[in-house]
Each structure stands twice: as C-alpha cells, then as structure tokens.
Amino acid sequence: MVQQQPGWEVCGDASTGREAVALAGELKPDIVIMDIGMPELNGLDATRQIKKALPDTEVLIFTANETDEIVRQVFQAGARGYLLKTEANKHLIPALEMLCKHRTYFSSKVSEMIFSGYLQGRMGVEDTALTPRERETVQLIAEGKSNKEIAGIFGISVKTVETHRAAIMRKLRLDSLAALVRYAIRNGIIQA
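Computed from a predicted structure; not experimentally measured. (Residues numbered from 1 in each chain as written. Predicted model: local features only at pLDDT ≥ 70, side-chain atom pairs only at ≥ 80, totals over all residues. Heavy atoms only, no water.)

Asker: Now, about the environment of Ile168: what can you tell me, with residues and values included?
Answerer: Structurally, Ile168 can be placed in helix 8 (residues 158–172). Between the alpha carbons of Ile168 and Ala88 there is a distance of 36 Å; along the sequence they are 80 residues apart. (Helix = DSSP H or I, 4+ residues; strand = E, 2+ residues; numbered from the N terminus.)

Asker: Got a sec to walk through the pairing of strand 2 (residues 58–63)? Specific residues and values, please.
Answerer: Within strand 2, five of the six residues are buried, which leaves it mostly tucked inside the rest of the structure. Sheet analysis places strand 1 (residues 31–34) next to strand 2, joined by four bridges and oriented parallel. In the sheet register, Val32 faces strand 2, and the bridge partner there is Val59. Crossover handedness for the path strand 1 to helix 2 (residues 43–53) to strand 2: right-handed. Judged from the four bridges that link them, strand 2 and strand 3 (residues 81–84) form a sheet pairing that is parallel. From the neighbouring strand, Thr63 faces strand 3, where its bridge partner is Leu84. (Buried < 20%, exposed > 50% of the residue type's maximum accessible area, 1.4 Å probe, protein only. Pairing = 2+ DSSP bridges. Right-handed = clockwise from strand over helix to strand, strands pointing away.)

Asker: Tell me what's going on with helix 4 (residues 88–100), and back it up with residues and numbers.
Answerer: In this model helix 4 runs 17 Å from its N-terminal to its C-terminal C-alpha over 13 residues, within 8% of the 18 Å that 1.5 Å per residue would give. All buried positions along helix 4 are accounted for by Ala88, His91, Leu92, Ile93, Ala95, Leu96 and Leu99. Looking at the buried side of helix 4, the elements it contacts are strand 1, strand 2, strand 3 and strand 4 (105–106). At the exit of helix 4 stands His102, carrying a positive phi of roughly 60°. (Expected span 1.5 Å × (residues − 1). Contact = heavy atoms within 4.5 Å.)

Asker: An account of the pattern of salt bridges is needed here, citing residue identities and associated values.
Answerer: Enumeration over the complete set of coordinates arrives at seven salt bridges. Here Lys85 and Asp35 are joined by a salt bridge, their closest N and O atoms 2.8 Å apart. Here Lys85 is found in the loop between strand 3 and helix 4, whereas its partner Asp35 is found in the loop between strand 1 and helix 2, with 50 residues between them in sequence. For Lys85, a relative accessible area of 39% translates into the label partly exposed. (Salt bridge = Lys/Arg side-chain N within 4 Å of Asp/Glu carboxyl O.)

Asker: Before we move on, could you go through the nonpolar core and cite the residues and values that matter?
Answerer: Counting residues in each nonpolar core, the largest one holds 22 residues, and the members touching the most others are Met34, Ile50, Val59, Ile61, Val74 and Tyr82. Of all the secondary-structure elements, those providing two or more residues to this core are helix 1 (17–27), strand 1, helix 2, strand 2, helix 3 (68–77) and strand 3. If you tally residues by element for this core, the top one is helix 3, at four residues. If near-sequence neighbours (up to four positions away) are discounted, Val74 is found in contact with Ile36, Leu44, Ile61, Ala79, Gly81 and Tyr82. Leu140, Ala142, Ile168 and Leu180 belong to the second-largest nonpolar core, a separate cluster that totals 19 residues. (Core = buried A, V, L, I, M, F, W, Y, C linked by side-chain atoms within 4.5 Å.)

Asker: Residue-level account of the environment of Pro6, with values.
Answerer: The residue Pro6 is located in the segment before helix 1 in this model. The spacing of Pro6 and Leu92 is 86 residues in sequence and 15 Å in space, taken between C-alpha atoms.

Asker: Mind laying out helix 2, listing which residues take part and the relevant values?
Answerer: Here helix 2 has its buried residues at Gly43, Leu44, Asp45, Ala46, Thr47, Ile50 and Lys51. The backbone nitrogen of Leu44 lies 2.9 Å from a side-chain oxygen of the residue at the head of helix 2, namely Asn42. (Polar contact = N/O pair within 3.5 Å; in protein donor to acceptor, adjacent residues only side chain to side chain.)

Asker: Outline the packing of helix 1 against helix 2, listing residues and values.
Answerer: Following both chains from N to C, one finds helix 1 and helix 2 inclined at 15°, their axes separated by 9 Å at the closest point. Of the possible angle classes, the one that applies to helix 1 and helix 2 is roughly parallel. Note that helix 1 runs across helix 2; the crossing there is right-handed. Counting all contacts with helix 1, which are made through Gly17, Ala20, Val21 and Ala24, the residues of helix 2 involved are Ala46, Gln49 and Ile50. (Axes fitted to C-alpha atoms, helices over the stretch in contact; angles between N-to-C directions. Parallel < 35°, antiparallel > 145°, perpendicular 65-115°, else oblique. Left-handed = near helix turned anticlockwise from the far one by under 90°.)

Asker: Outline the packing of aromatic side chains, listing residues and values.
Answerer: Under the defined criterion, the tally for this structure stands at one aromatic pair. Taking the centre distance of 5.6 Å and the plane angle of 65° together, the rings of Phe75 and Phe106 count as edge-to-face. One end of the pair, Phe75, is in helix 3; the other, Phe106, is in strand 4, with 31 residues separating them in the sequence. Using a relative accessible area of 28% as the deciding quantity, one classes Phe106 as partly exposed. A cation over a ring is seen here: Arg133 above Phe154, with NZ or CZ 3.9 Å from the ring centre. (Phe/Tyr/Trp six-rings, centres within 6.5 Å; stacked < 30°, edge-to-face > 60°. Lys NZ or Arg CZ within 6 Å of the ring centre and 35° of its normal.)

Set out below in structure tokens:
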C-alpha cells in the first residue's frame, strides 16, 4: 500500500526492535511504522530510542493491541500515530499523510478509548517504576534469555545483569519469574 503512493518508498524493514532502532539511525526515515510486539526490544522502547535519536522522525504504532493503557504508553513513548491492524485498509494511508505533516493520527476506535480513559482518569498516570534499561531487561528475561545472553546483548557483565534483575524484582515487588512474565504481558512489554 505504501509503495503504491507516488513519491513514497519503503526504505527499510526490521524484524526486531533493536534492528529497527539501528536501521532508523542509519536511514533516517520520515516515518517509522512500528509494531509493539517486536522481539529483543519491544516497539514502545524502540520508539523511545528512535525519538531520542531522531526527534523529527514520526512513529506510527501499527498493532493489534487496543487497551487504553497501551495507547497511553504509546504516546508517552513519543509516537504520534496509533493504528489497529484491523483498520489498515481504511486508515493506513491517511495516517501516514497526517504524520508527514507532523500531526497526530488515531482512528475513531482509538479516539474513543483515549476519551474514555481520560474521563475515567487513567490517561494521565505515568509508570516511572523502571528505567529504560530495566524495561529492556524485563523483556529479555520474559523472552527466556539467560543472564549470560542478556549480558552479551548489552555488553555488560553477568553480575550487572543480576543487579538489574534484583532491582526490577524489588521495584515491582515480584517474587518469581512467572510474576515477572505476567507483568511484562500486562504492560505490553511482550505479547502472550
């Protein structure tokens, strides 16, 4: 659909969040279309990193997730558009056109979720319990990576990973790996 638009081109395609961040830094696209459920680095954290490095690049979250909590996290991460995959045929091109103008875009279904969350007082609450590195660590742990594998990914020692892991469990008041995985799923860090 995108490549059929005059003057538009898809300049890159990533299969992991880390790859998306690296490609965005290399290619400097006008718009990144990002799924939340990316392996190794979820779409929310990848969006944060892309927006920090490339503030003029817009991010459209393109996902099947549709809870008001996820919508809130998407906008806090710096994305300006949110589109459900079920609405792609009707809304993808208009969403990209709005983001080209640096304007926000979300479909009426997402607008209703935002409005409902706002009225119920849920949209303004920010989760600041974990640092970005701790969120990445939660994702990797929940994806089944060992401390040694995580250390290799981050380029740090196993002991430092163990320290992150202990801090995460303490901050979130969790007592098991299963509880950590449930937290990751509930908060959109990974998908079930």
